[in-house]
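Structure at a glance
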Amino acid sequence: MTLDGTNSYVLRAPGAASAVIVDPGPDDAAHLGRLAAAGPVELVLVTHHHADHVAGALGFAELVGAPMRAFDPAYCVGAAPLVDGETIHAAGLALEVLHTPGHTADSACVVVHGEAGPAVLTGDTILGRGTTIIADPDGALGPYLASLERLRALASGRDAPVPVLPAHGPVLPDLAAICDAYLAHRAERLDQVRAALAELGADASAEAVTDAVYHDTDASVREAAEASVRAQLAYLRERG
């Protein structure tokens, strides 16, 4: 589910004395100690509330004595929740916050503005390999598609591709291209779900549709597949 594990990011401008830590990750003392050693830490940011991103976050913020911000107030320490569209100035950087719900309701992306152009930390909205789940009922497909469209618009029409720094898997070179691929994948999956409903009946269960559409999915991610199917069924049924 986490590919190679959770990527924690240490952000600072050249010559800056402090750092911003994004997604401290699991409660692993050695890992959190390495992040703390990159300090002093000015700010901790959380892209969303899943445990592989935040299990060690509250303890880490206390360890380094830094405020922590997220869209979910439960993961804010000594600071207000994030606001969509705000720009945070920290560690010599301008960090633009985007609310990108879909994977979860509180999912965020962070645009790092630099001299060479922007790069985008995408949390679990976009992964370095494969595609993410829509974590129904917290996540939802309609908002997710809108978030992908928003990210694609951000990346389109620029002189150079915008790099993607995901929370799982490797860095990707082109945000616009990966948004196109993700949107095409979601459209293909919706067509598959429509076909399954045509065969199984409009009231078919998520389990039955998962059997039909995700029949080649490994058992270890069956639960995630069912969550995505529930989100797809809700999306289609809301639209008649």
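Everything below is about the structure shown above.
Presented here is an overview of the structure given in this document. Just so you know, these numbers come straight off a predicted model, no measurement behind them.

1. Notes on the packing of aromatic side chains
The description of an aromatic ring pair rests on the distance of the ring centres and on the angle between the ring planes. One pass over the structure, following the stated rule, counts 0 aromatic pairs. Positioned above the aromatic ring of tyrosine 214, the side-chain terminus of arginine 189 is 4.2 Å from the ring centre.

2. Points about the pattern of salt bridges
Applying the stated criterion to the full structure yields 10 salt bridges. A salt bridge links aspartate 191 to arginine 194; the nearest nitrogen and oxygen atoms lie 2.8 Å apart. You can see aspartate 191 and its partner arginine 194 sitting in helix H5 (residues 175-200), 3 residues apart, about one turn around the helix. For aspartate 191, a relative accessible area of 49% puts it in the partly exposed group. Given a relative accessible area of 41%, arginine 194 falls into the partly exposed group.

3. Concerning the packing of helix H4 (residues 141-155) against H5
Direction vectors running N to C along H4 and H5 enclose 155 degrees, while the axes themselves pass 8 Å from each other. As far as their axial angle goes, H5 and H4 are roughly antiparallel. Crossing of H4 over H5 shows left-handed handedness. On H5, the residues that touch Leu141, Tyr144, Leu145, Leu148, Glu149, Leu151, Arg152, Leu154 and Ala155 of H4 are Leu175, Ala176, Cys179, Asp180, Tyr182, Leu183, Arg186 and Leu190. When its residues are assigned to classes, the contact of H4 with H5 shows 13 nonpolar, no polar and 4 charged.

4. Let's talk about the nonpolar core
Counting residues in each nonpolar core, the largest one holds 38 residues, and the members touching the most others are Val120, Ile126, Leu151, Leu175 and Val209. Breaking this core down by element, the ones donating at least two residues are strand E7 (108-114), H4, H5, helix H6 (206-213) and helix H7 (222-238). Ranked by residues supplied to this core, first place goes to H5 with 10 residues. Ala13, Ile88, Val97 and Leu121 belong to the second largest nonpolar core, which has 21 residues in total.

5. A look at the sheet that holds strand E2 (residues 19-22)
Strands sit in the order E1-E2-E3-E4 across an open sheet of 4 strands; the sheet is mixed. Sheet topology places strand E1 (9-11) and strand E4 (68-69) at the edges, where each strand pairs with a single neighbour.

6. Here we look at the packing of H5 against H7
Across the interface, H5 lies against H7 with an axial gap of 10 Å and an inter-helix angle of 80 degrees. The angle between H5 and H7 falls in the class roughly perpendicular. Contacts from Arg186, Arg189, Leu190, Val193, Arg194 and Leu197 in H5 reach Ser228, Gln232, Leu233, Tyr235, Leu236 and Arg237 in H7. For the contact of H5 with H7, a count of residues per class yields 6 nonpolar, 2 polar and 4 charged.

7. Some words on unusual backbone geometry
Backbone geometry follows two general trends: most residues other than glycine have a negative phi, and most peptide bonds adopt the trans configuration. In this structure, proline 40 follows glycine 39 across a cis peptide bond, with omega equal to 10 degrees. Assignment of secondary structure puts proline 40 in the loop between helix H1 (29-37) and strand E3 (41-45). Put simply, aspartate 136 and proline 137 share a cis peptide bond, and its omega is 5 degrees. Note that proline 137 resides in the loop between strand E8 (117-123) and H4. Phi at aspartate 23 is positive, roughly 60 degrees, even though this residue is not glycine. The topology assignment puts aspartate 23 in the loop between E2 and H1.

8. Describing H4
Helix length check: H4 (15 residues) gives 21 Å between terminal C-alpha atoms against 21 Å at 1.5 Å per residue, within 8%. By the burial criterion, the buried members of H4 are Leu141, Tyr144, Leu145, Ser147, Leu148, Leu151, Leu154 and Ala155. Packing partners of the buried residues in H4 comprise strand E6 (93-99), E7, E8, H5 and H7. Backbone geometry just downstream of H4 places glycine 157 in the positive-phi region, at approximately 75 degrees.

9. Observations regarding the environment of leucine 233
Here leucine 233 is to be found in helix H7. The sequence separation of leucine 233 and alanine 13 amounts to 220 residues, and the corresponding C-alpha distance is 44 Å. Dropping the residues within four chain positions of it, leucine 233 is found in contact with Val193, Leu197, Ala204, Ser205, Ala206 and Val209.

About the criteria used
- Residues numbered from 1 in each chain as written.
- Predicted model: local features only at pLDDT ≥ 70, side-chain atom pairs only at ≥ 80, totals over all residues.
- Heavy atoms only, no water.
- Phe/Tyr/Trp six-rings, centres within 6.5 Å; stacked < 30°, edge-to-face > 60°.
- Lys NZ or Arg CZ within 6 Å of the ring centre and 35° of its normal.
- Salt bridge = Lys/Arg side-chain N within 4 Å of Asp/Glu carboxyl O.
- Helix = DSSP H or I, 4+ residues; strand = E, 2+ residues; numbered from the N terminus.
- Buried < 20%, exposed > 50% of the residue type's maximum accessible area, 1.4 Å probe, protein only.
- Axes fitted to C-alpha atoms, helices over the stretch in contact; angles between N-to-C directions.
- Parallel < 35°, antiparallel > 145°, perpendicular 65-115°, else oblique.
- Left-handed = near helix turned anticlockwise from the far one by under 90°.
- Contact = heavy atoms within 4.5 Å.
- Nonpolar A, V, L, I, M, F, W, Y, C, P; charged D, E, K, R; others polar.
- Core = buried A, V, L, I, M, F, W, Y, C linked by side-chain atoms within 4.5 Å.
- Pairing = 2+ DSSP bridges.
- Expected span 1.5 Å × (residues − 1).

Coordinates in, geometry out; function isn't part of it.
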